[in-house]
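Single-letter residue listing:
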Amino acid sequence: MPPAGISVQPAIPDKPTDKPALERFFKSLRLSLLDKLSAYKGPNIASRGKDVEKGAFYYVTELEDLIREWVGDVYHLRAHRGLRDPLLPKVDLSPQEMFNRGIEFSGLLRLPAAEDLRYELMEVQWRKIHHYGVDIDGRRYDGPGLNTYRARRSDYGGAHAGKWPILVDADDVRAVYFQDPADKRWHRLEWRLAAGINTPFSKDAADYTRRISIAEHRHVDPQQAVEDLLARWSREEVMGRRERNLAIRLATQPSSHVFDDDEVTDHASLPGVIDLLTARQAREAAPPQHADDLDVFERYYAEHPDSEVLEVFDE
């Protein structure tokens, strides 16, 4: 799960402007390392050398080692125009220099020693505890941890006098958390509509479901509303910017929907982001098995008995 306040959005296929920083890194890698390697073909035929097929080739593990060595010995030591310290606005810094300056100012990253500290990073909502639980943004939560404090005023004063602090994770509102002031134990409070939702359900998704319910004057199943949104977005039927951004964020979460035979055909034609959900679900159900290089060659010759040598494939 991404940290609070951070959303992971997949890039649209064949749209490099969705990830310009990553594409710029690929360009640096290509111009600084890859085009110096033997048998480099280039991004197009104009960049290809003469008789590159006769040159040496690299296994994936060898290429990975070369790239790691280049990153450590070249890329991290070269000054970048995009890396500048506010105190030195005219000085270009390398990634290693920028990292060292960050360590000098902020110190090393220290991980929390107690798991309970993660609750302190969540958003605090001050609410009254009723006999049925607590209400947060139109969602009702309840759990055994509230039994002692139902219909009871808290000892807090000031702007939140009489109310209790409820911790909310904006990236997954299926549950909120309440700390018992007596023994300091944390209790999970379940959303009453979360029973059929098997994946993280963000605050934006819950707000979207609530808006649909109000507009259509009927109860809307939260999980079904999100799946309908993703399906409409995949068919480019989502016109509003808010709905489009929400669909992109929701597409990064694992899907719990099981498609029937009629839906499989339609689902296969959806964009890459929607396909990503199915791929993740398949990987979780059956982790892939990676064969070694010898198995690959043996399988190739078994499938192509008339071939004497391996073919050379274009990029």
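Residues numbered from 1 in each chain as written. Predicted model: local features only at pLDDT ≥ 70, side-chain atom pairs only at ≥ 80, totals over all residues. Heavy atoms only, no water.

**Student:** Quick question: what am I supposed to make of the packing of aromatic side chains here?
**Tutor:** Aromatic ring pairs: the centre-centre distance and the angle between the two ring planes describe each pair. Scanning the model with the defined rule gives ten aromatic pairs in all. Taken together, a centroid distance of 5.6 Å and an interplanar angle of 65° make the contact between Tyr149 and Phe178 edge-to-face. With Tyr149 in the loop between strand E3 (139-142) and strand E4 (164-168) and Phe178 in strand E5 (residues 175-179), this residue pair connects regions lying 29 residues apart in the sequence. Comparing Tyr149 with Phe178, the two get one shared label, buried. A network of ring pairs unites the aromatic residues Phe25, Phe26, Trp70 and Tyr75 as a single cluster. Positioned above the aromatic ring of Tyr119, the side-chain terminus of Arg118 is 4.5 Å from the ring centre. Across from the ring centre of Tyr177, 5.9 Å away, lies the NZ or CZ of Arg118, which sits over that ring. (Phe/Tyr/Trp six-rings, centres within 6.5 Å; stacked < 30°, edge-to-face > 60°. Helix = DSSP H or I, 4+ residues; strand = E, 2+ residues; numbered from the N terminus. Buried < 20%, exposed > 50% of the residue type's maximum accessible area, 1.4 Å probe, protein only. Lys NZ or Arg CZ within 6 Å of the ring centre and 35° of its normal.)

**Student:** I tried to follow the nonpolar core on my own but got confused; where do I start?
**Tutor:** Ranked by internal contacts, the top residues of the largest apolar core, which has 19 residues, are Tyr141 and Phe178. Contact partners of Tyr141, with chain neighbours within four places excluded, come to Tyr132, Gly133, Val134, Ile136, Leu146, Val173, Arg174, Ala175, Val176, Leu189, Glu190 and Trp191. Counting residues in each nonpolar core, the second largest holds six residues, with Leu29, Trp70, Val71 and Tyr75 among its members. (Core = buried A, V, L, I, M, F, W, Y, C linked by side-chain atoms within 4.5 Å. Contact = heavy atoms within 4.5 Å.)

**Student:** Which parts of the structure should I look at to understand the side chain of Asp172?
**Tutor:** Within the element layout of this structure, Asp172 appears in the loop between E4 and E5. A distance of 2.8 Å separates a polar atom in the side chain of Asp172 from a polar atom in the side chain of Arg174. (Polar contact = N/O pair within 3.5 Å; in protein donor to acceptor, adjacent residues only side chain to side chain.)

**Student:** What's the story with helix H3 (residues 95-106) in this structure? I'm lost.
**Tutor:** A turn of α-helix holds 3.6 residues, and therefore any two residues three or four places apart point the same way. Here H3 contains twelve residues, and its C-alpha end-to-end distance of 16 Å stays within 8% of the 16 Å for a straight helix at 1.5 Å per residue. The positive-phi residue at the C-terminal boundary of H3 is Gly107, with phi of around 80°. (Expected span 1.5 Å × (residues − 1).)

**Student:** I would appreciate a short explanation of the confidence of the model for the protein chain in the present structure.
**Tutor:** Do not read the fine detail of predicted coordinates wherever pLDDT is low. The pLDDT averaged across the protein chain works out to 74; a share of 63% of its residues lies at or above 70. Note that pLDDT drops below 50 for residues 290-294; the model gives that stretch one contact with residues more than four away or on any other chain. Here residues 310-315 is modelled with pLDDT under 50, and outside its nearest four sequence neighbours on either side it reaches eleven contacts, counting other chains as well. (pLDDT = per-residue confidence, 0-100.)

**Student:** Quick question: what am I supposed to make of a negative patch on the surface here?
**Tutor:** On the surface, Glu62, Asp65, Glu69 and Asp73 cluster together into a patch of negative charge. You can see Glu62 is positioned in helix H2 (residues 60-73). The class of Glu62 is partly exposed, set by a relative accessible area of 36%. (Patch = residues over 30% accessible without salt bridge, like charges linked within 9 Å, V, L, I, M, F, W, Y side chains within 5 Å. Areas by Shrake-Rupley, 256 points an atom, 1.4 Å probe, with all protein chains shown as cover. Salt bridge = Lys/Arg side-chain N within 4 Å of Asp/Glu carboxyl O. Lys, Arg positive; Asp, Glu negative; His and termini not counted. Charge placed at Lys NZ, Arg CZ, Asp CG, Glu CD.)

**Student:** Would you mind going over the pattern of salt bridges with me for this structure?
**Tutor:** A side chain with one charge may pair with a side chain of the opposite charge, provided their charged atoms come close. Evaluated as defined, the whole model comprises eleven salt bridges. In this structure, the salt-bridge partner of Lys19 is Glu23, at a minimum N-O distance of 3.1 Å. Lys19 sits in the partly exposed class, given a relative accessible area of 29%. Close ionic contact of Asp85 with Arg101 constitutes a salt bridge, the shortest N to O distance being 2.5 Å. Remark: Arg101 occurs in helix H3 and Asp85 occurs in the loop between H2 and H3; sequence separation between them is 16 residues.

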